[in-house]
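Here is what each chain is made of, one letter per residue.
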Amino acid sequence: MRAMRAERFSGYDALKLVELPKPEVTDGKVLVRITAAGVTPLDHTILSGQFHGMGAPLILGNEGAGVVEEGGGMEFPAGSRVMFWGVYGAFENGSYCEWMAVRKEDLCLIPDNVDDVSAAGIPVAYLTAQVGLNLAGFRSGKTVLAPAIGGSVGNAVTQLAHALGAKHAISSTTSSTKAEKAKALGFHQVIDTSLEKLGDGVRRFTDGYGADIVIDGIGGEVLSEALKALAVGGSLTTLGYSASRQATIDVTDLIVPQASIRSLNMFRQPQATVADAWKAIVPLLQSAAIKPIVAKTFRLVEAAKALRYLVEDRPFGRVVLTV
């Protein structure tokens with residue numbers, strides 16, 4: 001089978017097309033013919049040598065979609081369309097390939113109204129968003145801030161919070177062009193941080209109240225500014241660092257509102273937590289209350305180009321490889 005494999009962790013040029021044996025099905029695993037693979041910031045982090053997982057060579061790809069060929073049993077019969085997420089592409093070979101042996105517990109049936117390309121970009125973003133909201137104690141009527149409307153997690157949190165009854169589902173962008181695109185797509189509470197500070201925008205939308213819950217996948221200065229938006233008793237969950245791993249915190253932004261800060265690592269979540277998140281997400285996909293946004297697709301052999309586009313062009317929506 002064809003696969004795009006990182007021969008070393010040294011940047012885009014290290015991704016090479018290789019021919020490998022088709023994986024064999026073993027107990028607890030399902031053979032899936034990959035039709036599409038999501039491209040994520042984690043893939044770039046690993047390819048750049050900034051992650052603590054497996055050594056090279058490694059097939060990247062943390063999530064994907066495809067068709068069950070063998071080993072799915074009654075739950076996932078042959079021919080079923082499935083999407084999946086797990087430790088793939090980080091601690092074992094991932095989805096930048098034509099076939100994968102995927103653990104059955106990592107699979108989810110794709111709703112009939114969702115195509116494979118869209119499905120390939122669902123698991124990481126929406127599972128992270130749903131787990132983050134659950135851990136933060138979200139319930140209907142809460143105000144949620146998720147910076148970066150064009151990014152995968154920021155967009156997914158905003159959609160889920162709105163669909164689940166948030167009083168305010170607020171996001172942000174550093175680009176006026178993206179702010180206009182967001183509005184055209186139905187996201188009406190987006191702060192253009194080229195025009196106003198993040199905290200000021202949140203206070204404007206909420207009549208001075210602030211955000212009960214912040215889910216931040218950006219880090220750096222965005223995290224610092226997001227803390228200033230917290231309502232009394234609010235919480236910030238940090239789960240990404242696409243802007244920077246370093247952030248400066250004014251402790252009074254936590255002390256004065258008696259707020260809190262926590263972290264989320266999806267790789268450390270119990271299987272039951274992930275299963276509960278899927279149970280919340282799938283009905284919303286089926287009803288079209290949430291809709292994944294795909295910015296651009298690339299062919300499998302263009303994986304390096306796709307990663308460069310994701311990281312350097314910062315598109316609005318997901319980047320997906322078609323296999």
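These lines cover the structure that appears in this document, whether it is placed above or below. Quick caveat: nothing in here was measured; it's all calculated off a predicted structure.

### Regarding the nonpolar core
Core analysis: the largest hydrophobic core is formed by 42 residues, its most contacted members being Leu-15, Leu-60, Tyr-96 and Leu-321. The next biggest cluster of nonpolar side chains, apart from the first, holds 41 residues, and it includes Val-144, Ala-146, Leu-160 and Ile-290.

### Observations regarding helix α9 (residues 271-286)
When the terminal C-alpha atoms of α9 are compared, their 23 Å separation across 16 residues agrees well with the 22 Å that a helix rising 1.5 Å per residue should span. Among the structural elements, β6 (81-85), β8 (107-109), α3 (123-135) and α4 (152-163) are those in contact with the buried residues of α9. Within two residues after α9, Ala-288 carries a phi angle of roughly 65 degrees, on the positive side.

### What to know about the pattern of salt bridges
Here the structure, examined in full by the defined rule, presents 13 salt bridges. Between Arg-308 and Glu-312 there is a salt bridge; the shortest N-O distance is 3.3 Å. Remark: Glu-312 and Arg-308 occur in helix α10 (residues 303-313); sequence separation between them is four residues, near one turn of the helix. In the salt-bridge network here, residues are joined through shared partners; they are Lys-29, Glu-92, Arg-103 and Asp-106.

### Quick look at the packing of α3 against α4
Two numbers describe how α3 lies on α4: the axes approach to 8 Å, and their chain directions differ by 55 degrees. Accordingly, the angle class assigned to the pair α3 and α4 is oblique. In this structure, α3 meets α4 at a crossing whose hand is right-handed. Listed contacts from α4 to Ala-125, Tyr-126, Thr-128, Ala-129, Gln-130 and Leu-133 of α3 are Ser-152, Val-153, Asn-155, Ala-156, Val-157, Gln-159, Leu-160 and Ala-161. Of the residues in the contact of α3 with α4, the class split is nine nonpolar, five polar and no charged.

### Points about the side chain of Asp-106
In this fold, Asp-106 is placed in the loop between β7 (99-103) and β8. We classify Asp-106 as buried; its relative accessible area is 9%. Reaching out from Asp-106, the side chain makes a polar contact with the side chain of Tyr-88 at a distance of 2.6 Å. Residues in contact with Asp-106, not counting those within four places in the same chain, are Met-83, Phe-84, Trp-85, Gly-86, Tyr-88 and Gln-271.

### What about the state of the cysteines?
In a disulfide, the sulfur atoms of two cysteines are covalently bonded to one another. Applying the stated rule across the entire model yields zero disulfides. Unpaired in this structure, Cys-97 has its nearest cysteine sulfur neighbour in Cys-108, at a distance of 19 Å.

Thresholds applied
- Residues numbered from 1 in each chain as written.
- Predicted model: local features only at pLDDT ≥ 70, side-chain atom pairs only at ≥ 80, totals over all residues.
- Heavy atoms only, no water.
- Core = buried A, V, L, I, M, F, W, Y, C linked by side-chain atoms within 4.5 Å.
- Buried < 20%, exposed > 50% of the residue type's maximum accessible area, 1.4 Å probe, protein only.
- Helix = DSSP H or I, 4+ residues; strand = E, 2+ residues; numbered from the N terminus.
- Expected span 1.5 Å × (residues − 1).
- Contact = heavy atoms within 4.5 Å.
- Salt bridge = Lys/Arg side-chain N within 4 Å of Asp/Glu carboxyl O.
- Axes fitted to C-alpha atoms, helices over the stretch in contact; angles between N-to-C directions.
- Parallel < 35°, antiparallel > 145°, perpendicular 65-115°, else oblique.
- Left-handed = near helix turned anticlockwise from the far one by under 90°.
- Nonpolar A, V, L, I, M, F, W, Y, C, P; charged D, E, K, R; others polar.
- Polar contact = N/O pair within 3.5 Å; in protein donor to acceptor, adjacent residues only side chain to side chain.
- Disulfide = S-S within 2.5 Å.

These figures come from the coordinates and say nothing about function on their own.
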